[in-house]
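Breakdown of the fold
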Amino acid sequence: MSEQDLDAAAVLERVKTGVNAFDELVMGGLPRARTTVVSGTPGSGKTVFATQFLAHGITTHGENGVLVTFEEPPADIEANMRGFGWELAKWRQESRLAFVDASPPSSDELIVGEFDLAGLLSRIQHAVRTADAKRVVLDSLTQLFDHFIGDPKILRRELFHISSALKKAGLTVLMTAERNSEYGEITRHRLEEFVADNVVILRNVLHREKRRRTIEVLKMRGSHHAEGEAPFTLLENQGVVAVPLSSLRLEQQSSIVRVTSGNPSIDEMCGGGFFRDSVTLVSGATGTGKTLLVTNFLAGGVAAGEKALLFGYEESKGQLFRNATGWGVDFAQMEAEGKLKIICLYPEAQSLPDHLLTIQALVDEFQPSRIAIDSLSALERIASDIGFREFLISLTSFIKKREIAGLCTATSKSLIGGESASEQHISTLTDSIILLRYIQRKETMHRGLMVLKMRGSEHAKEIRRFTIDSTGMHLGSPFEEVPNVFTGGNIANQ
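Residues numbered from 1 in each chain as written. Predicted model: local features only at pLDDT ≥ 70, side-chain atom pairs only at ≥ 80, totals over all residues. Heavy atoms only, no water.

**Some thoughts on the overall build of the protein chain**
Along the protein chain, the regular secondary structure elements total 17 helices and 25 strands. Buried residues in the protein chain amount to 56% of all 494 residues. Within the protein chain, counting contacts between residues at least 6 apart in sequence, those at least 24 apart form 70% of the total. If you sum the accessible surface of the protein chain, you get close to 21,400 Å²; carbon and sulfur atoms cover 49% of it. (Helix = DSSP H or I, 4+ residues; strand = E, 2+ residues; numbered from the N terminus. Buried < 20%, exposed > 50% of the residue type's maximum accessible area, 1.4 Å probe, protein only. Contact = heavy atoms within 4.5 Å. Areas by Shrake-Rupley, 256 points an atom, 1.4 Å probe, with all protein chains shown as cover.)

**Considerations on helix α6 (residues 118-131)**
Working note: α-helix, 3.6 residues per turn, so residues spaced by three or four point in the same direction. Between its first and last C-alpha atoms α6 spans 20 Å; for 14 residues at 1.5 Å apiece the expected length is 20 Å, and the two agree. For α6, the elements touching its buried residues are β4 (64-69), β5 (97-101), β7 (133-139) and α8 (152-168). Phi turns positive one or two residues past the end of α6, at aspartate 132, with a value near 50°. (Expected span 1.5 Å × (residues − 1).)

**Some details on empty space enclosed by the protein**
On inspection of all chains with the given rule, the structure shows one cavity of 30 Å³ or more. In terms of lining residues, the largest cavity is bounded by Ser261, Ile266, Phe274, Val282, Leu293, Phe297, Leu407 and Ile434. Partitioned by chemical class, the residues of the lining of the largest cavity number seven nonpolar, one polar and no charged. (1 Å grid on protein atoms, 1.4 Å probe; cavity = no way out; pocket = protein on both sides within 12 Å on 5 of 7 lines; lining within 4 Å. Points joined across faces, edges and corners; volume = space filled by probe spheres on them. Nonpolar A, V, L, I, M, F, W, Y, C, P; charged D, E, K, R; others polar.)

**Considering the pattern of salt bridges**
Overall, the coordinates contain 21 salt bridges when judged by the stated rule. A salt bridge links arginine 188 to glutamate 178; the nearest nitrogen and oxygen atoms lie 2.9 Å apart. With arginine 188 in the loop between β9 (172-178) and α9 (192-195) and glutamate 178 in strand β9, the pair connects residues that are ten residues apart, well separated along the chain. Across the salt bridge formed by aspartate 431 and lysine 400, the nearest N and O atoms sit 3.6 Å from each other. Note that aspartate 431 is positioned in the loop between α17 (421-426) and β21 (432-441) and lysine 400 in helix α16 (residues 385-401), a separation of 31 residues in sequence. For the pair aspartate 431 and lysine 400, one class covers both residues: buried. (Salt bridge = Lys/Arg side-chain N within 4 Å of Asp/Glu carboxyl O.)

**A look at the packing of aromatic side chains**
What the rule picks out here adds up to four aromatic pairs. Centre to centre, the rings of phenylalanine 274 and phenylalanine 297 are 6.2 Å apart; their planes meet at 45°, and the pair counts as tilted. Here phenylalanine 274 is found in strand β15 (residues 274-275), whereas its partner phenylalanine 297 is found in helix α11 (residues 290-303), with 23 residues between them in sequence. Each member of the pair, phenylalanine 274 as well as phenylalanine 297, carries the same accessibility label: buried. Directly above the ring of phenylalanine 275 sits arginine 258, whose terminal nitrogen or CZ lies 4.1 Å from the centroid. (Phe/Tyr/Trp six-rings, centres within 6.5 Å; stacked < 30°, edge-to-face > 60°. Lys NZ or Arg CZ within 6 Å of the ring centre and 35° of its normal.)

**Some thoughts on the nonpolar core**
Among soluble globular proteins, nonpolar side chains are generally buried collectively. In this structure, Ile266, Phe274, Leu298, Phe331, Ile434, Leu449 and Met473 are the most contacted members of the largest nonpolar core, which totals 37 residues. With seven residues, the single largest contributor to this core is α11. (Core = buried A, V, L, I, M, F, W, Y, C linked by side-chain atoms within 4.5 Å.)

**A look at helix α3 (residues 46-60)**
Spanning 15 residues, α3 covers 21 Å between terminal C-alpha atoms, matching the ideal 21 Å at 1.5 Å per step. Across the 15 residues of α3, 13 count as buried, placing the element largely inside the fold.

Dropping the structure here:
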């Protein structure tokens with residue numbers, strides 16, 4: 001973008017939509033007195049996004065609105081949107097919101113021949129004056145086309161006249177339109193070419209029997225915007241909640257304060273413990289001690305007077321309590337004292353964006369000094385590679401920005417080692433990596449621990465033996481002959 005374009009974008013007055021992360025993508029909100037087309041397949045969230053735009057104007061900025069509906073009668077929209085916490089009927093009674101009901105009396109009614117929309121424009125303008133509105137939504141223009149038999153150029157021309165008249169009146173206009181596929185034509189009737197200053201696409205892609213919702217800013221005339229898709233979800237009493245991956249910034253301060261891992265020997269291997277604002281990955285096969293390290297990490301924080309939060313996705317709360325008791329750690333007492341909070345969820349219970357928002361909400365509520373995720377591999381199976389990496393980027397960014405010590409586990413793909421898919425995704429995002437491996441010595445299988453990475457600090461390079469008993473993990477001497485901890489290996493003579 002040229003300097004002239006950037007200067008023009010900088011002076012544009014912005015209108016916030018109420019979708020905070022989306023407003024970040026478009027550098028502060030939609031340009032005022034412009035027309036935006038929001039396109040998506042059925043069920044992608046167009047009406048929710050459009051209604052949220054109106055609701056946020058009414059409740060937060062004192063900007064009243066007009067909702068023109070071509071599909072559902074006002075009473076249905078009011079009922080459907082109540083679950084998101086928006087009292088459309090109340091606002092209508094208070095003259096803060098006006099409806100223009102252009103929905104067809106019956107699904108069989110068709111508009112035939114040449115016509116103009118002067119009557120509709122007059123109704124919209126009257127509603128704008130009645131509500132003293134600043135924002136207008138037309139939902140959904142596709143229904144208007146579907147009930148019209150004739151030259152679509154005529155309808156596009158009339159819509160252009162409506163859009164132009166509303167913009168000249170200083171109104172910010174949002175129109176919704178349907179598309180036939182998630183990655184095909186932008187709108188079914190090519191509306192964006194005629195009426196849109198800005199184009200936003202909502203997608204609801206099915207992958208691995210799960211839906212992944214994303215929002216993309218395709219076009220923002222005269223203004224810079226972030227490119228690419230950002231995940232979003234629909235939440236009760238909130239509406240559209242998006243995660244702006246492309247606008248995340250590496251802005252957090254780097255702490256030099258060390259915190260304990262919960263195991264003095266591991267602290268020594270790491271140069272004195274983990275950094276306060278770091279994220280550590282513990283990778284290993286099943287049974288190598290990943291959950292034990294999580295237990296030590298949480299217990300070490302509580303012993304130091306910190307609050308700790310655990311999200312478990314593989315074991316129930318009862319199992320985690322039993323395991324901790326077997327290692328001499330009383331999770332029940334810690335929780336009773338308000339120092340520990342444990343949340344156990346099935347990964348399949350919700351989408352990854354929903355899991356992320358759950359984590360963020362509980363961190364805000366509980367205010368922990370450290371957080372553990374056990375395990376990332378369980379979450380990985382419910383999303384695409386792209387969706388999983390988006391989740392990891394957002395999660396690690398959030399933890400670091402809050403200056404919380406984080407510990408995540410990932411399960412290796414085989415018992416003797418090998419890089420897990422989770423490890424591939426998160427290895428570059430974490431500050432420290434600890435590998436736990438089974439190592440064969442003749443007929444005996446031993447456990448080994450290695451600090452593979454410790455960003456910003458010296459750390460031990462050897463592979464240490466360790467054992468697990470009723471008091472926890474105990475590190476022994478290094479292996480003299482180094483096995484291959486990445487592909488698995490054995491030591492013949494030790």
